[in-house]
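Chain residues, written in single-letter form:
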Amino acid sequence: MREIQFREALREAMTEEMRRDERVFLLGEEVAEYNGAYKVSQGMLAEFGAKRVIDTPIAELGFAGIAVGAAANGLRPICEFMTFNFSLVAIDQVINAAAKMNSMSNGQYTCPMVFRGPTGSAGQLAQQHSQNFENWYANTPGLKVVVPSNPADAKGLLKTAIRDENPVIFMESEQMYGLKGIVPEEEYLLPIGRAHVVKEGDDVTIVSFGKMMLRAITAVEELAKEGIQAELIDLRTVRPIDYDTICSWDHLNIYWYFSD
């Protein structure tokens, strides 16, 4: 076990999967020469070369389409959006191509790829860089939506997402890239679609995901000071959502949902 930053955990996930499977590659704006806008892909160009870590033009619709086509032809692309706000430029490829490929081909084609990048508010980035779109994508059949809340989950879930046969939307809070956390040294995968019970409690259940888990933890601590034992559940995955864990008869049906 060692303590690393959120961005480092993501980098380790991508690097390990690219070493394991030569079909995996990364493309997006500034992911190569600049080491990523948030330095998530730092050093990856030097290790894997320009054919597997690809700088693209500022044209999300274009490079998202290239990624979808690559996935349809047997590769496993990781398509990075500099911010998920910019994914709206490419939303036709995300929703009408990637998400529907399996259904429209009657199961003959899959689209094993990851759309990943920062989401939510951050410092001094204004309206066009600060929105949350996980609810949009979570309401799209054919997509899986993952929003990790700590470095360990980020690594384990991203590795699973890269291996998934379906398109996965992988959202990372812009304010969490420098967050440090304990990450196992051995290889591990976390299942998509299974929530994590962070803390047991019998009085009230708090459900959250992503960056808002930090505030939820604070809420649990404050409630404990008043003698209220709150259960805390980290969704990890917004689609598919783990209703079995959330709605278990073991706890009260009182839920607090947080969003950034």
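Above this text is the structure in question.
Conventions we followed
- Once a new chain begins, its residue numbering starts again from 1 and follows that chain's sequence as written.
- Given that the model is predicted, a residue must reach a pLDDT of at least 70 before its local features are reported, and side-chain atom pairs must reach 80 or more before they are shown or counted; all residues, however, enter totals for whole chains, interfaces and linings.
- Here the side-chain values reflect all heavy atoms present in the structure, with hydrogen atoms and water set aside.
- Here, the term nonpolar core denotes a set of buried Ala, Val, Leu, Ile, Met, Phe, Trp, Tyr and Cys residues that are joined through side-chain atoms within 4.5 Å.
- Buried residues are those whose accessible area, probed at 1.4 Å on protein chains only, stays under 20% of the maximum for their type, while exposed residues exceed 50% and partly exposed ones sit between those limits.
- Under the scheme used here, helices are H or I runs from DSSP no shorter than 4 residues and strands are E runs no shorter than 2 residues, and both carry numbers assigned from the N terminus.
- Contacts were defined at the residue level, with two residues in contact if any of their heavy atoms lie within 4.5 Å.
- Here a cavity means grid points, on a 1 Å grid over the protein atoms only, where a 1.4 Å probe fits yet cannot get out; a pocket means an open set of points with protein on both sides within 12 Å along at least five of seven lines; lining residues are those with an atom within 4 Å of a point.
- Grid points are joined across faces, edges and corners, and a volume is the space filled by probe spheres set on the points.
- All residues other than Ala, Val, Leu, Ile, Met, Phe, Trp, Tyr, Cys, Pro, Asp, Glu, Lys and Arg, Gly among them, are scored as polar; the first ten of these are nonpolar and the last four charged.
- Note on aromatic contacts: the rings of Phe and Tyr and the six-membered ring of Trp form a pair at centre separations within 6.5 Å, being stacked when their planes are under 30 degrees apart, edge-to-face when over 60 apart, and tilted otherwise.
- In our convention, an over-ring charge means Lys NZ or Arg CZ found within 6 Å of a ring centre and within 35 degrees of that ring's normal.
- Each axis is a line fitted through C-alpha atoms, taken for helices only over the stretch in contact, and angles between the N-to-C directions span 0 to 180 degrees.
- When describing relative orientation, an angle under 35 degrees is termed roughly parallel and one over 145 degrees roughly antiparallel, while 65 to 115 degrees is termed roughly perpendicular and anything else oblique.
- Handedness of each helix crossing follows the sense of rotation of the near helix against the far helix: counterclockwise by less than a right angle gives left-handed, clockwise gives right-handed.
- The rule for pairing is simple: two strands pair if DSSP sees at least two bridges between them.

A. Up close: the nonpolar core. Residues Val-68, Cys-79, Phe-81, Met-113, Phe-115, Tyr-137 and Ile-169 are the most contacted members of the largest nonpolar core, which totals 35 residues. Of all the elements, helix 3 (residues 60-72) adds the most residues to this core, at six residues. Those residues in contact with Met-113 that sit more than four places away from it in its chain are Ala-67, Val-68, Ala-71, Pro-77, Cys-79, Ala-98, Asn-166, Pro-167 and Val-168. Counting 32 residues, the second largest nonpolar core, distinct from the first, contains Met-18, Val-31, Met-176 and Ile-192.

B. Inspection of empty space enclosed by the protein at higher detail. Within this structure, the stated rule accounts for two cavities of 30 Å³ or more. When its volume is computed, the second largest cavity comes out at roughly 30 Å³. Around the second largest cavity, the lining residues are Gly-36, Ala-37, Tyr-38, Lys-39, Val-40, Glu-80, Arg-116, Pro-118 and Tyr-177. Considered class by class, the residues forming the lining of the second largest cavity number five nonpolar, one polar and three charged.

C. Layout of unusual backbone geometry. Here the bond from Arg-239 into Pro-240 is cis, since omega is -5°, no more than 30 degrees from zero. Among the secondary structure elements, Pro-240 is positioned in the loop between strand 12 (237-239) and helix 9 (243-246). The backbone of Glu-30 shows a phi angle near 65°, a positive value even though the residue is not glycine. Position of Glu-30 relative to the elements: it lies in the loop between strand 2 (24-28) and helix 2 (44-48). Here the phi dihedral of Asn-35 falls at roughly 70°; this positive angle occurs in a residue that is not glycine. Mapping Asn-35 onto the fold places it in the loop between strand 2 and helix 2. Taking the relative accessible area as the measure of exposure, Asn-35 reaches 21% and is therefore partly exposed.

D. Representation of the packing of aromatic side chains within the structure. Evaluation of the coordinates by the stated rule reveals seven aromatic pairs. A centroid spacing of 6.1 Å and a plane angle of 40° characterise the contact between Phe-63 and Phe-81, whose relative ring orientation is tilted. Here Phe-81 lies in the loop between strand 4 (76-80) and helix 4 (91-98) and Phe-63 lies in helix 3, a separation of 18 residues in the sequence. We classify Phe-81 as buried; its relative accessible area is 0%. Between Phe-81 and Phe-115, the aromatic rings sit 5.8 Å apart at their centres with planes inclined by 5°, giving stacked as the arrangement. Here the residue Phe-81 occupies a position in the loop between strand 4 and helix 4, and Phe-115 occupies one in strand 5 (residues 114-119), the gap between them amounting to 34 residues. Judged by relative accessible area, Phe-115 falls into the buried class, the value being 0%. Put simply, the rings of Phe-63, Phe-81, Phe-84, Phe-115 and Tyr-137 touch in pairs and so form one group of aromatic residues. Here the guanidinium or amino end of Lys-39 rests over the ring plane of Tyr-34, the centre of that ring lying 3.6 Å away.

E. View of the packing of helix 1 (residues 6-20) against helix 7 (residues 151-163). It is at 8 Å that the axes of helix 1 and helix 7 come closest, and there the two elements cross at 30°. As the angle between them shows, helix 1 and helix 7 are arranged roughly parallel. Crossing geometry of helix 1 relative to helix 7 is assigned as right-handed. Taken together, the residues of helix 7 that come into contact with helix 1 (itself represented by Phe-6, Ala-9, Leu-10, Glu-12, Ala-13, Met-14, Glu-16, Glu-17 and Arg-20) are Pro-151, Ala-154, Lys-155, Leu-158, Lys-159, Ile-162 and Arg-163. Residues that form the contact of helix 1 with helix 7 fall into these classes: nine nonpolar, no polar and seven charged.

F. Highlighting the sheet that holds strand 6 (residues 144-146). Overall, mixed pairing links the seven strands, which are arranged 3-2-4-5-7-6-12 in an open sheet. At either margin of the open sheet sits one strand with a lone partner, and together these are strand 3 (53-55) and strand 12. The mean inter-strand angle of the sheet, taken between neighbouring strand axes irrespective of direction, is 20°. Pairing of strand 2 with strand 3 involves three bridges; the strand directions are parallel. Across the sheet, Leu-26 pairs through a bridge with Val-53, a residue of strand 3.

Worth remembering: the numbers are spatial, not functional.
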